[in-house]
Amino acid sequence: MTTAQIIFLVVAAVTLVSAFMVVTTRNLIHAALWLVATLFGVAVTYALLNANFLAVVQVVVYIGAIAILFIFAVMLTRKEMRDQGPQLNSAWWISALLAVLTFGGLVGMLWGWKGMDTLASEMPVGFDSVSALGDALISPNAFVLPFEVASVLLLAALVGAVYVAFNPRSGDSRK
Amino acid sequence: MSQYINPSDLTTILPAIVLTVWACALLVADLFIPHERKGWTAVLAALGLVVSLDITLIQAGGTSTGFKGMVTLDGFSTFLNALLLVSGLFGVALAYGYVRRMGLERGEYYTLLLFSVVGMMLMVQASDLIVVFIALELLSIPLYVLAALNVRQIESEEAGLKYFLLGSFSTGFLVYGIALIFGATGSTSYSGIVTAASAGTSSLLLTIGAALLLVGFGFKVAAVPFHMWTPDVYQGAPTSVTAFMSSGAKIAGFAALLRVFALAFPTLTADLTPILAALAALTMIGGNLIAVSQTNIKRLLAYSSIAHAGYILMAFVPYGNPQVMPVSVAAGLFYLVAYAVTNFGAWGVVIALEKQGGKGLEISDYAGLFWKNRPLALAMTVFMLSLIGFPPTIGMVGKFYLFRAVIDGGFVWLAIVGVVTSLISAYYYLRVVVNMFMQEGEPQTGSEFWVNFTWGLTALMTIIISFVPQPLFAWASSAVLRLF
């Protein structure tokens, strides 16, 4: 086995275990943190596939924004951090069946695919979409102004969101 | 290609930068101001606005572009930035006593207001559609939160949510328009768009993009038929917020609209002029007709603000005619000042009469005001006359310049629509006046210094500028757009 294959197997295992923990843990914050681990595993997989841009976007958008949003939302709106209800409903076996069928279908489709045992062609030299993007975002000749204004915008939105969701004086009067 | 930011890039938007830094510092400083002394936050916010206003006025007369043509400093932006900063000051002055009386005093109010002003200023200066888009969001998001400031009251929550949902929806139109324009011309900067358009690239996509842009801005300035949110939001939001948002957001929206259309779409005149004319006529007719049946003063002023969006839109109609354009831009700027001054005064009077829990907002609550508080009733009369366009008020002078520009542009019918709808509007504005003078009633008025100061000062300005409009109009005429 090559190093890349070993890394891939470890990452894949971590991703799968984390994904399983997301749906089984009863603590909502823990579930969100496991979700972060899952998404990070997917990002590493992208990076292994030479898809650097997708990896960065995965980290920035899914971990940096969406998962953090989950955590904020849970912390700001819930008093009860633990989910007490049953974790399965009566239709669980339908979902399980569908999941197994889909997995089987995918395996069947990919089984005969030639791409499985050929190597991808090498990247052209100097091809680096990520650094071009980074340059464009902070270069005064490109988009530094919108980029900075967007960060001010996010600050304003953050202040506003905290005000609306977490207003100590309104307390429980709205329940 | 320099790798570093030029000093001239920064000086082009220096007032906005200073205000941004001030707002961030205010956010931190507010932590150390004890709860009973939140008035200090207001004072600090006002100080920031004054500093920024100073820089704006020092820069007056200079022109430059920054960040590779993404932002422009010119007479137009100086004029409107000064107007926006003064609007911000009035907004702080009206909020100072009001939020304490209503139990809403929070430091975030002033920080968010400053952020919103920064968004407005950038929107005035933007000469790239991406900057327009982000500045518009920076303007809107603090306003969504401010509209919902009184989260304990269901109307305020409704106002915030409604404004947020419809505002996001309209932003969608705007972004789609920008995407189509980029698709048609390969550029988001105004100079790039106009170069591509005059080279004769496919103009159908460009026209659709420009029309979608118009829809997006139409929502923001509350033009009919995109006005549905206005009465509910203006009524539900705390009155000091309504006062600020009805002037500030409108000024910024019109400024961006004017700059986009005059600089980026001169080639689309044939398609867009009839649309703008129809929009202006519809807005004047719709706003004034629906206002007739209102009994709540906040809703009445909301429909009045819709109607005034129509009058201001008239200034845009001849934008493709190079002979008339400078005059009509000057008339539009003058009318924006007239509207802002009168509007802040009228909302100041509303604030002086408002009670806890949304009481004191019906027109019948104004009955007998003249016999109870003469200066206040006289000031309200001045504002109502100015909104009608009756001499001797600034509103009359503004309408005069506006109608003259439109007639010069060859749209006599539009001017006639304007005059007729002004006559209709006299009915509902004068009903407020009649109530104050000729009905019996026991209105209670507040006595906060800064509220009284605001309506007093704006009433004086409304009268005085109507006698000597020349200096202001001369300044507006010199506030030309910088071409590339």
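Data block above holds the structure.
Scope of this entry: the structure provided in the associated data block.

Criteria and cut-off values
- Residues numbered from 1 in each chain as written.
- Chains lettered and ligands numbered in written order.
- Predicted model: local features only at pLDDT ≥ 70, side-chain atom pairs only at ≥ 80, totals over all residues.
- Heavy atoms only, no water.
- Helix = DSSP H or I, 4+ residues; strand = E, 2+ residues; numbered from the N terminus.
- Rg over C-alpha atoms; globule rule 2.2 N^0.38 Å.
- Buried < 20%, exposed > 50% of the residue type's maximum accessible area, 1.4 Å probe, protein only.
- Contact = heavy atoms within 4.5 Å.
- Areas by Shrake-Rupley, 256 points an atom, 1.4 Å probe, with all protein chains shown as cover.
- Lys, Arg positive; Asp, Glu negative; His and termini not counted.
- Charge placed at Lys NZ, Arg CZ, Asp CG, Glu CD.
- Patch = residues over 30% accessible without salt bridge, like charges linked within 9 Å, V, L, I, M, F, W, Y side chains within 5 Å.
- Salt bridge = Lys/Arg side-chain N within 4 Å of Asp/Glu carboxyl O.

Another aspect to go through is the overall build of chain B. Looking only at helices and strands, one finds 20 helices and two strands in chain B. A globule of 484 residues ought to have a C-alpha radius of gyration of about 23 Å, and chain B, at 21 Å, matches this closely. Overall, chain B is about 70 × 55 × 40 Å in size when its C-alpha atoms are taken along their principal axes. Across the 484 residues that make up chain B, the buried fraction comes to 64%. When contacts within chain B are restricted to residue pairs at least 6 apart in sequence, those whose partners lie at least 24 apart make up 81%. Accessible surface computed for chain B: about 16700 Å², of which carbon and sulfur atoms make up 71%. Here chain B holds 21 positive side-chain charges and 21 negative ones, and the gap between their average locations is 3 Å.

This paragraph deals with the overall build of chain A. A tally of helices and strands in chain A yields six helices and zero strands. N-terminal to C-terminal, the α/β element order of chain A is α-α-α-α-α-α. For a compact globule of 175 residues, the expected C-alpha radius of gyration is about 16 Å, and chain A comes in at 22 Å, more than 25% above that figure. For chain A, the spread of C-alpha atoms along the three principal axes comes to 65 × 60 × 25 Å. Each of the 175 residues in chain A was classed as buried or not, and the buried ones make up 19%.

Keep in mind that most residues, glycine aside, have a negative phi and that most peptide bonds are trans. Backbone torsion omega between Val224 of chain B and Pro225 of chain B reads 5 degrees, so that peptide bond is classified as cis. Of note, Pro225 of chain B is situated in the loop between helix 9 (203–221) and helix 10 (229–236). The omega torsion of the bond from Pro391 of chain B to Pro392 of chain B falls at -5 degrees, within 30 degrees of zero and hence cis. Turning to its location among the elements, Pro392 of chain B is positioned in the loop between helix 16 (374–388) and helix 17 (394–408). A positive phi angle, near 70 degrees, is found at Asn50 of chain A, a position not held by glycine. For Asn50 of chain A, the position within the fold is in the loop between helix 2 (28–48) and helix 3 (52–77). We classify Asn50 of chain A as partly exposed; its relative accessible area is 46%. One non-glycine residue, Phe67 of chain B, adopts positive backbone phi at about 50 degrees. Tracing the backbone shows Phe67 of chain B in the loop between strand 1 (64–66) and strand 2 (71–73).

To continue, consider helix 10 of chain B. Among the eight residues of helix 10 of chain B, six are classified as buried, and the element is accordingly described as predominantly covered. Tucked into the core, helix 10 of chain B has its buried residues touching helix 7 (154–185), helix 9, helix 11 (239–264), helix 13 (297–314) and helix 14 (325–353) of chain B.

Glancing now at a nonpolar patch on the surface. Residues and elements named next belong to chain A. On the surface, a cluster of nonpolar side chains totalling about 740 Å² of accessible area is made up of Met1, Ile6, Ile7, Phe8, Leu9, Val10, Val14 and Leu48. For the nonpolar patch, the element with the highest residue contribution is helix 1 (residues 3–24), accounting for six residues. Following the sequence through the fold, Phe8 ends up in helix 1. The class for Phe8 is partly exposed, based on a relative accessible area of 39%.

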